[in-house]
Amino acid sequence: MPEGDTIFRAARTLHRALATRLVTGFESVYPALTRVDVDTPLAGRQVESVGARGKHLLMVFTGDLILRTHMRMHGSWHLYRPGERWRRPGREMRIVLSTDVFLAVGFNIPDAEFLDHAGLARHRQLDALGPDLLDPQFDWWEARRRLRAHPDEAIADVLLNQRVVAGIGNVFKSEILFAAGVHPLTHVRALSDETLERILTIAVKQLRANVTPRDRTLAPAAGRRTTGSLHPSQGLWDYDRAGEPCRACGTPITLEKAGLDARLTYWCGQCQGTRQGVGEPGNGDRGTGNR
Ligand SMILES: [Zn+2]
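## Some thoughts on the sheet that holds strand β2 (residues 47–53)
Within a beta sheet, neighbouring strands are joined by backbone hydrogen bonds and run either parallel or antiparallel to one another. One open sheet holds the four strands; their spatial order is β2-β3-β4-β8, and the pairing between them is antiparallel. Only two strands of the sheet have a single neighbouring strand rather than two, namely β2 and β8 (111–115). Put simply, the sheet's adjacent strands are angled 15° from each other on average, direction ignored. Its contacts with the sheet place helix α1 (residues 4–18) against β2 and β3 (56–61), and it is angled at close to 175° to β2. Helix α2 (residues 31–39) contacts β4 (65–70) and β8 of the sheet and is inclined by roughly 25° relative to β8.

## Some remarks on the environment of Asp64
Looking at the secondary structure, you find Asp64 in the loop between β3 and β4. According to the relative accessible area criterion, Asp64 is partly exposed, its value standing at 39%. For Asp64 and His117, which are 53 residues apart along the polypeptide, the C-alpha to C-alpha distance reads 6.2 Å. Apart from the residues lying within four places of it in its own chain, the contact partners of Asp64 are Leu115, Asp116 and His117. At a separation of 2.7 Å, a polar atom in the side chain of Asp64 contacts the side chain of His117.

## Quick notes on the packing of aromatic side chains
Under the counting rule described, the total for this entry stands at six aromatic pairs. Ring plane angle 20° and centroid distance 6.2 Å describe the contact between Tyr80 and Trp86, whose orientation is recorded as stacked. By relative accessible area, Tyr80 is classed as buried at 0%. Overall, Trp86 belongs to the partly exposed group, its relative accessible area being 27%.

## With respect to the coordination of the zinc ion
Cys246 (SG), Cys249 (SG), Cys268 (SG) and Cys271 (SG) make up the full set of protein donors to the zinc ion, lying at 2.2 to 2.4 Å. Taken together, the four donor atoms surrounding the zinc ion define angles of 98 to 114° at the centre, an arrangement classified as tetrahedral. In primary sequence terms, the donor set of the zinc ion follows C-x2-C-x18-C-x2-C.

Cut-offs applied
- Residues numbered from 1 in each chain as written.
- Predicted model: local features only at pLDDT ≥ 70, side-chain atom pairs only at ≥ 80, totals over all residues.
- Heavy atoms only, no water.
- Pairing = 2+ DSSP bridges.
- Helix = DSSP H or I, 4+ residues; strand = E, 2+ residues; numbered from the N terminus.
- Axes fitted to C-alpha atoms, helices over the stretch in contact; angles between N-to-C directions.
- Contact = heavy atoms within 4.5 Å.
- Buried < 20%, exposed > 50% of the residue type's maximum accessible area, 1.4 Å probe, protein only.
- Polar contact = N/O pair within 3.5 Å; in protein donor to acceptor, adjacent residues only side chain to side chain.
- Phe/Tyr/Trp six-rings, centres within 6.5 Å; stacked < 30°, edge-to-face > 60°.
- Donors = N, O, S within 2.8 Å, 3.2 Å for Na, K, Ca; no water.
- Tetrahedral: all angles 85-135°; square planar, octahedral: opposite > 155°, others 65-115°.

Keep in mind these values describe shape, not function.
This is the structure we're talking about:
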């Protein structure tokens, strides 16, 4: 599943390319979308803005029309010049939005719909989203309250729950908990307020650090970094590094399929404590150093 920073960057890149452009055409394999285009054509409208809300991408058009898309596991948006060769097979195309200068092509996007502003305001999925870690007005108090509402779940699972906080996917889940020195299977109940604050602070810092560089690609995980290292093979603490030595202490990184969806979870048994008593308060306070 793309992480919040991927969606944010995709939205920003699409916004720069498309905002104020006149739409010249629309295509989709989804009849529900093409029906709207037939009834109230996209062509002739202007793109007002493209933005991210959690992991939802919102393209706003003049005339009270919004295209909401969600990438789920494999979806992506690409930008092309007219006539440019696509980097994915045509059969994966789900949506094409044409302007005079750019084509935005949505590949493998499983979740897409048109809404008006009233529909957006009462949208259940969007409404249910937790505070967005990439929002400059990130609501710390509300995020902590929502974390606390899942006392008997592993912190790794709760961080992935977009109704708690919006923006964390599987990569950042492992990276944030490493930097916080917290074992991923620790139940929220066992974590102190101070530790939750630290986890959220690191989450905000890691996600924001991955959207600030000028970034022209929409590809997931492009150059994602959490360690501060600029070396391409040293950008992450423990994600996808099973069996490799921990960058802090040398202990081989542990990998386990954990949680409801058996998601891959990585951790260092030394730096992130043990699963003891599913995590005593303060368990996460060891070995964090100045990372
Ligand atoms: Zn370690």
